[in-house]
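Remarks on the overall topology
Spelled out from the first residue to the last, the chains are:
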Amino acid sequence: MGTDMLKSFGSEIRNLRMSKNLSQERLAEIAGVHRTYIGMIERGEKNISLANIAKIAKSLNIHIYEIFQRIECQEMN
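Just so it is clear, the model here is predicted, and its values are computed rather than measured. (Residues numbered from 1 in each chain as written. Predicted model: local features only at pLDDT ≥ 70, side-chain atom pairs only at ≥ 80, totals over all residues. Heavy atoms only, no water.)

Quick look at the packing of helix 2 (residues 24–31) against helix 3 (residues 35–42)
Quick note on the threshold: Axis angles are defined between N-to-C directions and span 0 to 180 degrees, where every axis is a line fitted to C-alpha atoms and, for a helix, only to the segment in contact. A run of H or I in DSSP becomes a helix once it reaches four residues, and a run of E becomes a strand once it reaches two; helices and strands are each numbered from the N terminus. An angle counts as roughly parallel when it lies under 35 degrees, as roughly antiparallel when it exceeds 145, as roughly perpendicular when it falls between 65 and 115, and as oblique in every other case. Handedness of a crossing follows from how the near helix is turned relative to the far one, being left-handed for an anticlockwise turn of less than a right angle and right-handed for a clockwise one. Every residue pair with non-hydrogen atoms within 4.5 Å of one another is taken to be in contact.
Two elements in contact, helix 2 and helix 3, have axes whose closest approach is 8 Å; the angle formed by their N-to-C orientations is 110°. Considering the angle they form, helix 2 stands roughly perpendicular to helix 3. When the axes of helix 2 and helix 3 are compared, the crossing they make is right-handed. In this structure, helix 2 contributes Gln24, Glu25, Leu27 and Ala28 to the contact, and helix 3 contributes Arg35, Ile38, Gly39 and Glu42.

Right, here's the structure in full:
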């Protein structure tokens, strides 16, 4: 992923997490990843693997494709 895509992805993960009233720590716990990893993703600092995208999407109760659709819609506006 390019830097812009990483930042857009991370921003969307942050939006989804906050809409579900989850802390980074709680999302990390549910997804089985470290809290600092969630922070790095949200800041666009980490090139996240598909496996971890799937874990986080499942933890947020959203399909992977929906995350990317939301990013695409934001970029069109």
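Topic: the confidence of the model for the chain
Applied cut-off: pLDDT is a per-residue confidence score from the predictor, ranging from 0 to 100.
Here the chain averages 93 in pLDDT, while 95% of its residues score no lower than 70. Ranking the elements of the chain by mean pLDDT puts helix 5 (residues 64–76) last with 85 and helix 2 first with 98.

Comments concerning the pattern of salt bridges
Applied cut-off: Here a salt bridge means any side-chain nitrogen of Lys or Arg lying within 4 Å of a carboxyl oxygen belonging to Asp or Glu. A 1.4 Å probe rolled over the protein chains alone gives each residue an accessible area, and that area as a share of the maximum for its type sets the label: buried under 20%, exposed over 50%, partly exposed in between.
Here the structure, examined in full by the defined rule, presents five salt bridges. Close ionic contact of Arg70 with Glu12 constitutes a salt bridge, the shortest N to O distance being 2.4 Å. Here Arg70 is found in helix 5, whereas its partner Glu12 is found in helix 1 (residues 3–19), with 58 residues between them in sequence. Using a relative accessible area of 0% as the deciding quantity, one classes Glu12 as buried. Residues joined in a network through salt bridges with shared partners are Arg14, Arg17 and Glu42.

With respect to the side chain of Ser59
Formally: The definition of a polar contact used here is a pair of N or O atoms within 3.5 Å, where within protein one atom must be able to donate a hydrogen and the other to accept one, and adjacent residues in sequence count solely through side-chain atom pairs.
Inspection of the secondary structure puts Ser59 in helix 4 (residues 50–59). Judged by relative accessible area, which is 15%, Ser59 ranks as buried. One polar contact links the side chain of Ser59 to the main-chain amide nitrogen of Ala31, over a distance of 3.3 Å. Leave out the neighbours within four places in its chain, and Ser59 touches Leu27, Ile30 and Ala31.

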